[in-house]
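Given next are the chains, with one letter for each unit.
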Amino acid sequence: MLKALKIFLIVFATLLLFLLMTVSFALWIVFTPEKLTPIVRKEAARYITCPAEIGGVELTFFSTFPHFGIKVNQIKLINPVPGAPNDTLFRADQLTGIIDLDAWYNNNDIRIEELILSQGAIHLFTDSLGNVNYDILPPLPEEETDTTNVAAGLENIRFESVDFSYVDQSAATSVLIQNLTGSLTGTYNSGVLSSRIVTDKGTVTLEYDKEKYLDKVDLQLNLQSEMTTDPVKMVIREASATLNTLPAEAAGSFSMDPVSENLSFDLNFRVASSPVEK
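## Section: the overall build of the protein
Phase 1: Helix and strand counts for the protein come out as three helices and 12 strands.
Phase 2: Across the 278 residues of the protein, 40% fall into the buried class.
Phase 3: Considering only contacts in the protein between residues 6 or more positions apart, those separated by 24 or more positions represent 51%.

Below, the structure written as structure tokens:
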């Protein structure tokens, strides 16, 4: 799962740069959706190796003044992998991004004022041999893979009615979160993602080794954490959740060995009023 998070962060950073590139086009000339959409479709092929379907792209400058925004309608990334339960990697009825251009232009500071994903789905898959469906970026030159000097502010990333699934055949694990609504805020600086995730609603299903441990359980979550991708490590500063009205808390860390890819855990759990340490 941590390996999936690492690649997801790289994909997210690439999509962010792609969004910045799109906004830069808009600074030079006012595009109508009819003019802007073909350009975005053409540029998407340079940044993503899998087929992408983009229904339409439009600027939201007037509705988000003084910030420029990009609204992408009916977007879908398709990457079939043998054995995967779904050919679709990502889809959204609407994806809206608003960036603080003043901070970017004057200070080279990437600051996302708002990113909203509405009515969408994310399906991640790993087969028994480790092949994945989310490795969709073309190879980058070695000098471009260093993210230690990259900084970004994440002001308000919202998910509205989004489904998320992760199936890992090599670990006999599957996670399904349905109808997720929530938000993420934080910063990315010098290779460290510091964030707070709050979910307002959603249901979670968890299966391990063909046995279900959770089955469409109502989920509410408040998670404050820090994550690095090299090495892969997640530190949970504070986490509280409600599973079918049953409260739970956790703190600690887990990490992945870069060679063996084995996970190590150092976590404290407390469920309801009974403390249990693991």
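## Description of the environment of Glu 211
Phase 1: Looking at the element boundaries, Glu 211 is found in strand E8 (residues 211-229).
Phase 2: When the C-alpha positions of Glu 211 and Ala 172 are compared, they lie 9.6 Å apart, and in sequence the two are 39 residues distant.

## Some points on the environment of Gly 130
Phase 1: Here Gly 130 lies in the loop between strand E4 (110-126) and strand E5 (151-168).
Phase 2: As a C-alpha pair, Gly 130 and Ala 171 span 41 residues in sequence and 9.8 Å in three-dimensional space.

## Looking at the confidence of the model for the protein
Phase 1: In this model, the protein carries a mean pLDDT of 79, and residues with pLDDT of at least 70 account for 73%.
Phase 2: Ranking the helices and strands of the protein by mean pLDDT puts strand E7 (residues 192-208) first, with 92, and strand E12 (residues 274-277) last, with 45.
Phase 3: Low confidence marks residues 274-278, where pLDDT is under 50. Its contacts with residues over four positions away, or in another chain, come to eight contacts.

## What about helix H2 (residues 33-47)?
Every α-helical turn comprises 3.6 residues, leaving residues that sit three or four positions apart pointing alike.
Phase 1: For H2, built from 15 residues, the straight-helix expectation of 21 Å at 1.5 Å per residue is met to within 8% by its first-to-last C-alpha distance of 21 Å.
Phase 2: Burial in H2 covers these residues: Leu 36, Thr 37, Val 40, Glu 43 and Ala 44. Looking straight down H2, one finds its buried side chains confined to an arc of 140°; they lie on one side. Among the exposed residues of H2, those pointing more than 90 degrees away from its buried face are Glu 34, Lys 42, Ala 45 and Arg 46.

## Looking at the pattern of salt bridges
Phase 1: Here the structure, examined in full by the defined rule, presents six salt bridges.
Phase 2: Its salt-bridge partner being Glu 226, residue Arg 237 comes within 3.0 Å of it at the nearest N-O pair. Pair noted here: Arg 237 is in strand E9 (residues 232-243) and Glu 226 is in strand E8, with a separation of 11 residues, a long-range link.
Phase 3: With relative accessibility at 29%, the residue Glu 226 sits in the partly exposed group.
Phase 4: Counted as one network, the salt bridges with shared partners bring together Arg 158, Glu 160 and Asp 200.

## Brief notes about the pairing of E8
Phase 1: Direction of pairing for E7 relative to E8: antiparallel, over a ladder of 13 bridges. In the sheet register, Ser 195 faces E8, and the bridge partner there is Ser 225.
Phase 2: Here E7 hands over to E8 after two residues, with Asp 209 in that stretch at a positive phi of 55°.
Phase 3: Across 11 bridges, the pairing between E8 and E9 is antiparallel. Residue pairing in the sheet places Leu 223 in a bridge with Ala 239 of E9.
Phase 4: Between the antiparallel neighbours E8 and E9 lie two residues.

## Quick look at the nonpolar core
One broad rule of soluble globular proteins: the nonpolar side chains tend to lie buried together.
Phase 1: The biggest cluster of nonpolar side chains holds 31 residues, and the ones touching the most others in it are Ile 54, Val 57, Leu 77, Leu 89, Phe 90, Leu 124 and Ile 136.
Phase 2: Elements represented by at least two residues in this core include exactly H2, strand E1 (52-59), strand E2 (68-78), strand E3 (88-99), E4, E5, strand E6 (173-189) and E8.
Phase 3: Discounting residues that sit within four places of it in the chain, Leu 89 has contacts with Leu 77, Ala 121, Ile 122, His 123, Leu 124, Asn 133, Tyr 134 and Ile 136.
Phase 4: In terms of nonpolar packing, the next biggest core, distinct from the first, is built from seven residues, Met 234, Ile 236, Phe 254 and Leu 267 among them.

## Re unusual backbone geometry
Phase 1: With phi around 65°, Lys 210 is a residue other than glycine that occupies positive phi space.
Phase 2: For Lys 210, the position within the fold is in the loop between E7 and E8.
Phase 3: Positive phi outside glycine occurs at Asn 244, with the angle close to 50°.

## Notes on the side chain of Ser 253
Phase 1: Within the secondary structure, Ser 253 sits in strand E10 (residues 246-256).
Phase 2: Given the relative accessible area of 16%, Ser 253 is considered buried.

## Observations concerning the side chain of Asn 79
Phase 1: Looking at where Asn 79 falls in the secondary structure, it is placed in the loop between E2 and E3.
Phase 2: Overall, the relative accessible area of 17% leaves Asn 79 in the buried class.
Phase 3: The contact partners of Asn 79, leaving out residues within four places of it in the chain, are Cys 50, Asp 87, Asn 133, Tyr 134 and Ile 136.

Quick notes on the rules
Residues numbered from 1 in each chain as written. Predicted model: local features only at pLDDT ≥ 70, side-chain atom pairs only at ≥ 80, totals over all residues. Heavy atoms only, no water. Helix = DSSP H or I, 4+ residues; strand = E, 2+ residues; numbered from the N terminus. Buried < 20%, exposed > 50% of the residue type's maximum accessible area, 1.4 Å probe, protein only. Contact = heavy atoms within 4.5 Å. pLDDT = per-residue confidence, 0-100. Expected span 1.5 Å × (residues − 1). Arc of directions from axis to C-beta. Salt bridge = Lys/Arg side-chain N within 4 Å of Asp/Glu carboxyl O. Pairing = 2+ DSSP bridges. Core = buried A, V, L, I, M, F, W, Y, C linked by side-chain atoms within 4.5 Å.

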